[in-house]
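# Chain and residue survey
Here is what each chain is made of, one letter per residue.
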Amino acid sequence: MDAGGLPLELWRVILAYLHLPDLGRCSLVCRAWYELILSLDSTRWRQLCLGCTECRHPNWPNQPDVEPESWREAFKQHYLASRTWTKNALDLESSVCFSLFRRRRERRTLTVGSGREFDSLGSALAMASLYDRIVLFPGVYEEQGEIILKVPVEIVGRGKLGEVALLASIDQHCSTTRLCNLVFMPAWFSPIMYKTTSGHVQFDNCNFENGHIQVHGPGTCQVKFCIFKNTHIFLHNVPLCILENCEFVGSENNSVTVEGHPSADKNWAYKYLLGLIKSSPSFLPTEDSDSLMSLDLESRDQAWSPRTCDIVIEGSQSPTSPASSSPKDSKAGSQEAEVASDGERVAQTPDSSDGGLSPSGEDEDVDQLTYRLSYQVQGPRPVLGGSFLSPPLPGASIQLPSCLVLNSLQQELQKDKEAMALASSVQGCLIRKCLFRDGKGGVFVCSCGRAKMEGNVFRNLTYAVRCIHNSKIVMLRNDVYRCRASGIFLRLEGGGLIAGNNIYHNAEAGVDIRKKSNPLILCNQIHHGLRSGIVVLGNGKGIIRNNQIFSNKEAGIYILYHGNPVVSGNHIFKGRAAGVAVNENGKGLITENVIRENQWGGVDIRRGGTPVLRSNLICFGYSDGVVVGDEGRGLIEGNTIYANKGCGVWMMSSSLPHVTSNHVSYNGLYGVAVFSQKDGSSEFPGGHGAQENFSEDGDAILWETELEKDDDLLRRPVTVALVESNSINHNGASGLYVQSGEALHIITNVIHANGDRGITVAQSSQLTHVANNSISCNRQSGVKVEAQCKVELRGNGIYDNRGHGIITKGDSTVVIENDIIGNRGSGLQLLPRSDTVKVIKNRIHSFRAYGIAVRGRAKALVQENIIFQGKTNKTIFQQISNNRECIMQNNKFLVFKKKSDTWRLVNPPARPHLENSLRGPSAAHNGRKVAAMATRITARVEGGYHSNRSIFCTIL
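None of these values were measured; they are calculated from a predicted model.

Turning to the overall build of the protein, a few remarks are in order. Along the protein, the regular secondary structure elements total 13 helices and 77 strands. When the 956 residues of the protein are sorted by exposure, 60% land in the buried category.

Below you can see the structure in the form of structure tokens.
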């Protein structure tokens, strides 16, 4: 560049004195001068932008301290927007006859004020022509009658904002008008400050106080850099309206009301406004600009990779470690460790990491003292890529599989074309970069209205957005906080897209969905609410996907009164109540969520709740993983329930859930616990009685009488609580604990290496059916049945437990066709008060004790069993006293003959026979597998997991 030898810094100083027209001319000189003009962005262009009386800081009012990416671009956008109102000037003039033969008339400037050309605005308007400019000098102008604008004009206040006040009621009848730098107040005779029914109006840098603005379709409006104090904007059937960089303060009702479907009849300004929207910076995320949501939003500056995700375990004891055991459990454990009155004894040896509790090699020479029976023990199935097969370690991180990692908003929109189209659409009212504060309502959309909100802040309101009567809203990247009720309401078939918003510290729910509303809630952060994060009730629906919902005082997601959403791919964590609560006949499909570190149950189902809970990770909760309370129902399928401090699954006997194909491991108490409804809540472990009462949001009860009862194919009728095809392993207490007064079916489960017994039946007045389960390597007995319990044990494989295989003193206990092999205590022990116990067609082998031990006067029928001898110095059958009520018939006793003898379980092969007792798996979820029992089982556990597996998943 030939600049006479002057340095660039000096040229920049010189050019900084030029006005806007001169800068434009200089940029046309050559390429070098053009680049020089562009380099003045942070100096001269910034001065021009901030010095303009018609605009404010580009990021006002939400981020006035944040500089825009380009001051020149921001000034350009405002300059173009401020000229929109004159775009139809050429069309209007060309319609006049003989316009081609007339010289184009120059715009006049009319002045109004004391000592000026006109004394009042009305007198100036009477003399104004097309597109004249009327300048109001400082003062207060009060019009005594309604002003009707018949010709397009521009009304501008001179001086600083606030020096020109206009008390008037204006009705626009012309095609276009612009008003700038004015303070509007209502006239004494009408609260309406401005009204238009067909034309276009543009407000720039104005203040409105204590009045109303009305725009009716096909009229349009464009509002920028304005302040509305207790002022209501009413938009009726408006095809397009832009509210940008405005502040709404102290509204006594709604700040903005959008009513009616956008008019199909559009005025001249529609296409120009649409072009202006498309040319301005978009709020839609890009691969480079999309902010990544951190897994732990307590520290919001952490970002996560879109394909990998870790859960960091806090530095506390593992839920299954001795330090985390409750005093009640410790006491129970110490009683069991001693030789108690019921004869159950537990070897005090440490558990191995994989649950392979080999019965050999402690203090005896196995080869000299025992005979082996060849079989294999079924271990827990691998799930989620094997990430949750080992115990949690303090400070360690657990990597989530890709199916459970949160996607960015851009990734979700790319996958969902319908959501992308909705996010890109512009119809009705566009509100962006505005501030709504300290009032009653923000935006109210009703009667098929359409509104789009981008980058706004809603704070200290009664509610932020309300959408009802078949209306649709699009909310992108807004902040909604400190509302005195719920942040966002949807009623009466409202819908739309709510994506990328930050919703927090609201007094009620962050998002409230009722009365058949069906929104898509995507990639939001909903946290620290004083009640629930999201509430769905009154036949509300919706898709709730890929959100982070955390640290709310009540349930992260609360579904009740026939609410029926699809909840998928969310991270719900650190709530002070349940992660997901389904009550009062609520429904919903809850799938592939990460629900962790919640104070109450990860998922709580009560009072007629009937959800489908499928393929979720429910972990590290401070209470239970899944709670099915009074009258709870639903399908609980294919979930990983891991390392919760309470039980994995806690059920009341009055509930009828179908619990199938879940992986329940490393929980602090029971893997699955079933308690009687008759028991007091104080007797439940972990204080479950406190979880009964969820608070109801607002007027929830009003909707109950209007609910619809529709059939759902996902929920089949269940008449008996069913626990089947689960892998229940490495839990702190019994794998499955039953204290129930109602029937229960326990079928085809793998119950392995739990810290107490495999199955404990403490109370069962109705029949508990235990069939085709693999019960192995548990720290105490495989199965224990207390007095007066009705239990049927059929087709189970009970192997390598550290106590007895089965110990019973129950009433009408039936033990039929089980394999009870390799347990360290007796294979089967019948205790005093056992009444009518039937032991038929079992294969029984004790590793170190008796095959069958009868204590006291137990009444039993032992018939057609095969009993193998174990240790050389033990007999196969032991009876403490001469008990004539114990009948032995047609049993086969196999005694060793030489040390090399090896028996195998054939004809039939080793139980359980899972492949014969199960139907095919669900076609949609056939990837959820549970390891099948091998036909050849071995007494010596080799360790590790077997690759020979089968699927078993029963669909009712």
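Along a regular strand, successive side chains alternate from one face of the sheet to the other. The buried fraction of strand β24 (residues 435-446) is high, at 9 of 12 residues. With 3 bridges connecting them, strand β18 (residues 247-249) and β24 associate as parallel partners. Within the sheet, the bridge partner assigned to Val-249 lies in β24 and is Arg-437. Alignment of strand β19 (residues 254-259) against β24, held across 5 bridges, turns out to be parallel. Bridged to Glu-259 within β24 is Cys-446. Where β24 meets strand β26 (residues 457-467), 8 bridges bridge the pair, whose relative direction is parallel. Across the sheet, the residue bridging to Phe-444 is Arg-466, located in β26.

Residue Pro-218 is bonded to the preceding Gly-217 through a cis peptide linkage, with omega at 10°. Following Arg-911, the chain continues to Pro-912 via a peptide bond in cis, the omega torsion being 5°. By the element assignment, Pro-912 lies in the loop between β77 (902-904) and α13 (914-917). Of note in this structure, Phe-620 is not a glycine but carries a positive phi near 55°. With respect to the element layout, Phe-620 can be found in the loop between β46 (617-619) and β47 (626-628). Residues other than glycine seldom take positive phi values, yet Asn-890 does so here, at roughly 55°. As for its position among the elements, Asn-890 is in the loop between β75 (886-889) and β76 (892-894).

Two elements in contact, helix α2 (residues 20-27) and helix α3 (residues 31-38), have axes whose closest approach is 7 Å; the angle formed by their N-to-C orientations is 140°. The orientation of α2 with respect to α3, classified from their angle, is oblique. Of α3, the residues touching α2 (which contributes Leu-23, Cys-26 and Ser-27) are Trp-33, Tyr-34 and Ile-37. Along the lines of polarity and charge, the residues of the contact of α2 with α3 split into 5 nonpolar, 1 polar and no charged.

This part takes up a nonpolar patch on the surface. There is a patch of nonpolar side chains on the surface, built from Leu-6, Leu-10, Val-13, Ile-14 and Tyr-17 and spanning about 480 Å² of accessible area. With respect to the element layout, Tyr-17 can be found in the loop between α1 (8-15) and α2.

Interaxial distance between α1 and α3 falls to 10 Å at its minimum, and their mutual angle equals 70°. Between α1 and α3, the angle is such that the two are roughly perpendicular. Along its contact with α1, which presents Leu-8, Trp-11, Arg-12 and Leu-15, the element α3 presents Trp-33, Leu-36 and Ile-37. Counted by class, the contact of α1 with α3 contains 6 nonpolar, no polar and 1 charged residues.

This part is about the confidence of the model for the protein. Mean pLDDT for the protein: 79, with 75% of residues reaching 70 or above. Within the model, the stretch residues 288-309 combines pLDDT values under 50 with 60 contacts to residues more than four positions away or in other chains. Across residues 315-343, confidence stays below pLDDT 50; counting only partners more than four residues off in sequence or on other chains, it has 46 contacts.

This part takes up helix α8 (residues 270-279). Among the residues making up α8, those that are buried are Tyr-270, Leu-273, Leu-276 and Ile-277. Projection of α8 onto a plane perpendicular to its axis shows the buried side chains occupying an angular sector of 125°, all on one side. For α8, exposure combined with an orientation more than 90 degrees from the buried face picks out Lys-271 and Lys-278.

Considering all chains together, one arrives at 27 salt bridges under this definition. For Arg-531, the salt bridge identified is with Glu-508, shortest N-O distance 3.0 Å. On the criterion of sequence distance, the pair formed by Arg-531 in the loop between β34 (525-527) and β35 (534-536) and Glu-508 in the loop between β31 (502-504) and β32 (511-513) is long-range, its members being 23 residues apart. Between Arg-606 and Asp-604 there is a salt bridge, with its nearest N and O atoms 2.6 Å apart. Like Asp-604, Arg-606 is buried. Counted as one network, the salt bridges with shared partners bring together Arg-107, Arg-133, Glu-154, Arg-178 and Asp-204.

The next thing to look at is the environment of His-216. Relative to the elements of secondary structure, His-216 occurs in strand β13 (residues 212-216). As for His-216 and Lys-195, which are separated by 21 residues in sequence, their C-alpha atoms are 8.1 Å apart. For His-216, the residues in contact, after removing those within four places along its chain, are Lys-195, Thr-196, Thr-197, Ser-198, Phe-234, His-236 and Val-238.

Attention now goes to the packing of aromatic side chains. Evaluation of the coordinates by the stated rule reveals 19 aromatic pairs. Ring centres 6.2 Å apart and planes at 90° place the aromatic pair Tyr-463 and Phe-489 in the edge-to-face group. On the criterion of sequence distance, the pair formed by Tyr-463 in strand β26 and Phe-489 in strand β29 (residues 488-490) is long-range, its members being 26 residues apart. A residue is classified by how much of its surface remains accessible, and Tyr-463, at 7% relative accessible area, is buried. Overall, Phe-489 belongs to the buried group, its relative accessible area being 8%.

Turning to the environment of Tyr-141, a few remarks are in order. Within the secondary structure, Tyr-141 sits in strand β3 (residues 139-142). Given the relative accessible area of 8%, Tyr-141 is considered buried. In contact with Tyr-141, other than residues within four places in its own chain, are Val-112, Gly-113, Asp-119, Leu-136, Val-164, Ala-165, Leu-166 and Leu-167.

Structurally, the position occupied by Glu-637 is in strand β48 (residues 633-637). Within the structure, Glu-637 has its side chain in polar contact with the side chain of Arg-614 (distance 2.9 Å).

Extensive coverage of β13 is indicated by the burial of 4 of its 5 residues. Bridging between strand β10 (residues 192-196) and β13 involves 4 bridges; their strand directions are parallel. Within β13, the position partnered with Tyr-194 by the bridge is Ile-213.

With that out of the way, let us pick up the environment of Tyr-666. Within the fold, Tyr-666 resides in the loop between β52 (663-665) and β53 (672-675). For the pair formed by Tyr-666 and Phe-388, sequence separation is 278 residues and the distance between their alpha carbons is 8.9 Å.

Rules used throughout
Residues numbered from 1 in each chain as written. Predicted model: local features only at pLDDT ≥ 70, side-chain atom pairs only at ≥ 80, totals over all residues. Heavy atoms only, no water. Helix = DSSP H or I, 4+ residues; strand = E, 2+ residues; numbered from the N terminus. Buried < 20%, exposed > 50% of the residue type's maximum accessible area, 1.4 Å probe, protein only. Pairing = 2+ DSSP bridges. Axes fitted to C-alpha atoms, helices over the stretch in contact; angles between N-to-C directions. Parallel < 35°, antiparallel > 145°, perpendicular 65-115°, else oblique. Contact = heavy atoms within 4.5 Å. Nonpolar A, V, L, I, M, F, W, Y, C, P; charged D, E, K, R; others polar. Patch = residues over 30% accessible without salt bridge, like charges linked within 9 Å, V, L, I, M, F, W, Y side chains within 5 Å. Areas by Shrake-Rupley, 256 points an atom, 1.4 Å probe, with all protein chains shown as cover. Salt bridge = Lys/Arg side-chain N within 4 Å of Asp/Glu carboxyl O. pLDDT = per-residue confidence, 0-100. Arc of directions from axis to C-beta. Phe/Tyr/Trp six-rings, centres within 6.5 Å; stacked < 30°, edge-to-face > 60°. Polar contact = N/O pair within 3.5 Å; in protein donor to acceptor, adjacent residues only side chain to side chain.

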